[in-house]
Amino acid sequence: MRASPAALFRRLIVLLSLVAAVLVLPTATDAAAAAPAPVPGDLKPYDVDAVYSAGVSSGGYMATQLHVAYSGTFKGSAVFAAGPYDCAQNDLNKALNACMDTLQDLQLDKLEQTTRDWSAQGLVDPVANLSGDPVYVFSGSGDTTVKRPVADALAAYYGRFGAQVRYDNSTTAGHAWISPLGPNSCTVTQSPWINNCGIDAERDLLGHLLGSVAAPSGGPTGTLTQFDQNKYVPGGAAKAVSMDDKGFVYVPTACAGGAACKLVVALHGCKQGYSYQGFGSQFIDKAYLDEYADTNHLIVLYPQAVATTTLDNPNGCWNWWGYLGDSAYARHGGKQIEAIMAMVKALSGSAPPPVQNTVTAASVDSQDGYVKAAADGTGAAVGTLESTYGLAVGRGSDGKHNRTVLSFDTSQIPAGKQITRAYVTLTRSSGVGDPWSSPAGNRLLVDVNRGCLGGCSVEASDWAATATAPGAAVVGSFSSGSRSSTDLSAAGLAAIDRTGTTQVRLRFESNPASTAYLFVNKDTRATLTVEYQ
């Protein structure tokens, strides 16, 4: 019996409804819609038994910096679209041309040696910790922002320290975090820089870091907390170090209930921060980490960088080239590194360190100068080329040995506060030869004097005057840009004059055997940074 037109229409409606139901079955992309809204709160301690870092682009560089600087805390790392540790060497030009593009040599041998030197000096944790650590590296052939050879160098860098590297370079991905929730196709490089390449990169990276991984949940069921990052930043002002007031942490129900959990610090890339031009929580929602967190006892910390109002960091990148004058950006003492470490300590049950207050004093130009003398100190005279070249240190072409004296007003340190750390930062303007290698292993020493060595204006007797704390710090070799000294020794800290002037003298430990010197302080004055609590 033939059905009536009305019956056929009803059947068609039912069929279309079934098709529609099939088309809207839950998919990985739909899980993003179920991402929990953040609720205000504070970081709380949990039973954390291991910590890992992960990041993309500038966040990838920061993930590596955290892992290398604090390898005693971080047990592994996962990096999308970034290069080796301290690749930029505190130089924006190198960051652009060697660590993103390939127009300059990124000097992998030098990066390895710097890491080993810093480890020996205690500026990063012992490099022996990196041996055996799991490291996941991802680079797509379509990435023209951080080119393939740069990511190759990251994998090779970790290999030199014995890390267990898994390198995924098999896709045509553009410059992005790779996720099944990515709204972009695999090959593009565009906002929100989260691409779907038909793979589950989170399963791969977490499986490598943890050894094995359970299947993800259908959607996050834990709590996403928005907290105040100012509490964890040295100095207490997040935006002063290009970090947002807001940070986020995702805590699964099991972890909140007391289960032992691991912590993953997930770092967005440039232009992906919560407050960057209304970007919001897209990175958090689409990274596909919270779904794995629910089923694998993982807490996920999402620190947030923010753009500066100046040209230092207009895109809200993490600090991987030394912006805002933070030359310690990649090691202990780096402002952003220490802020994230304070968050990690708060989540892992360690008491967070007291918020550090900081005074950075520029040298007093009218009192700065340099003195030249024979190797035995005879014939000392005040140098006269400061306005032309800067302040000299080392052996000049006239055979004289130069020492520089810098004055700092340290009366701005509040009374009753304990000085916990201090260091000097220099900017090189020019030079000849390598005084650090004449003789081999020569060191540029920082003498610290309470008050002035003689009169506060530089005078000939300053060359040989006895300092309160001789050799209180060392400035490592650098051929361009800025370089910070090691932290002042306990004697150096004690020599800082809280009521007036502290003078610093720069001198090479051994007189160079031939012409080898540098000029500093010509266009950028030296600074003395003092932290107290």
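In this text the structure is predicted, and so the values were computed from the model without any measurement.

**Student:** Which residues make up the layout of surface pockets, and what values do they have?
**Tutor:** Reported here for the largest pocket is a volume of approximately 740 Å³. Lining of the largest pocket is provided by 34 residues; of these, T114, G476, S477, F478 and R483 occupy positions nearest its centre. Of all the secondary structure elements, the ones that give two or more residues to the lining of the largest pocket are α5 (108–121), β20 (469–475) and β21 (482–484). In terms of residue count, α5 provides more of the lining of the largest pocket than any other element does, six residues in total. Of the residues belonging to the lining of the largest pocket, the class tally is eight nonpolar, 18 polar and eight charged.

**Student:** Tell me about empty space enclosed by the protein, residues and numbers included.
**Tutor:** Taken as a whole, this structure holds one cavity of 30 Å³ or more when the rule is applied. Together, G394, H401, N402, R403, W463, R507, F508, N511 and P512 line the largest cavity. Among the secondary structure elements, those contributing two or more residues to the lining of the largest cavity are β17 (401–409) and β22 (501–508). With three residues, β17 is the single largest residue contributor to the lining of the largest cavity. Tallied by class, the residues present in the lining of the largest cavity amount to three nonpolar, four polar and two charged.

**Student:** Provide a residue-level description of the packing of aromatic side chains, including the pertinent values.
**Tutor:** According to the stated counting rule, one finds 19 aromatic pairs in the structure shown. Between F283 and Y302 the ring centres are 6.3 Å apart and the planes differ by 85°, which places this aromatic pair in the edge-to-face class. Placement of the pair is F283 in helix α9 (residues 282–286) and Y302 in strand β12 (residues 298–302), with a sequence separation of 19 residues. Residue F283 is classed as buried on the basis of its relative accessible area of 2%. An angle of 90° between the planes, with centres 5.8 Å apart, marks the rings of W320 and W321 as edge-to-face. Summarising the burial analysis for this pair, W320 and W321 share the class buried. Its end group placed over the ring of W118, R331 keeps NZ or CZ at 5.8 Å from the ring centre. Sitting above the plane of the W463 ring, R403 keeps its charged end 3.6 Å from the centroid.

**Student:** Residue-level account of the packing of helix α3 (residues 58–69) against helix α6 (residues 148–160), with values.
**Tutor:** Where α3 contacts α6, the two axes come as close as 13 Å, and the packing angle between them is 10°. Compared by their axis directions, α3 and α6 come out roughly parallel. Listed contacts from α6 to Y61, T64, H67 and V68 of α3 are V150, L154, Y157 and Y158. When grouped by side-chain class, the residues that make up the contact of α3 with α6 number six nonpolar, two polar and no charged.

**Student:** Hey, could you go over the sheet that holds strand β6 (residues 177–178) for me, with residue numbers and the actual values?
**Tutor:** The three strands are arranged β6-β8-β7 in an open sheet whose pairing can be described as parallel. Strands with a single pairing partner mark the edges of an open sheet, and in this sheet they are β6 and β7 (184–185). Pairing of β7 with strand β8 (residues 194–196), which is carried by two bridges, proceeds in the parallel orientation. What sits directly across from N184, in β8, is N195.

**Student:** So what's going on with the pattern of salt bridges? Residues and values would help.
**Tutor:** Under the counting rule described, the total for this entry stands at 16 salt bridges. In this structure, E509 engages R443 in a salt bridge whose closest nitrogen and oxygen atoms are separated by 3.0 Å. Of this pair, E509 sits in the loop between β22 and β23 (516–520) while R443 sits in the loop between β18 (419–432) and β19 (444–450), placing them 66 residues apart in sequence. Here D447 ties to R507 by a salt bridge, and the two come within 2.6 Å at their closest N and O atoms. Taken as a pair, D447 in strand β19 and R507 in strand β22 lie far apart in primary sequence, 60 residues in all. Like R507, D447 is buried. Put simply, D109, E112, R116 and R160 are held in one network by salt bridges that share partners.

Conventions adopted
Residues numbered from 1 in each chain as written. Predicted model: local features only at pLDDT ≥ 70, side-chain atom pairs only at ≥ 80, totals over all residues. Heavy atoms only, no water. 1 Å grid on protein atoms, 1.4 Å probe; cavity = no way out; pocket = protein on both sides within 12 Å on 5 of 7 lines; lining within 4 Å. Points joined across faces, edges and corners; volume = space filled by probe spheres on them. Helix = DSSP H or I, 4+ residues; strand = E, 2+ residues; numbered from the N terminus. Nonpolar A, V, L, I, M, F, W, Y, C, P; charged D, E, K, R; others polar. Phe/Tyr/Trp six-rings, centres within 6.5 Å; stacked < 30°, edge-to-face > 60°. Buried < 20%, exposed > 50% of the residue type's maximum accessible area, 1.4 Å probe, protein only. Lys NZ or Arg CZ within 6 Å of the ring centre and 35° of its normal. Axes fitted to C-alpha atoms, helices over the stretch in contact; angles between N-to-C directions. Parallel < 35°, antiparallel > 145°, perpendicular 65-115°, else oblique. Contact = heavy atoms within 4.5 Å. Pairing = 2+ DSSP bridges. Salt bridge = Lys/Arg side-chain N within 4 Å of Asp/Glu carboxyl O.

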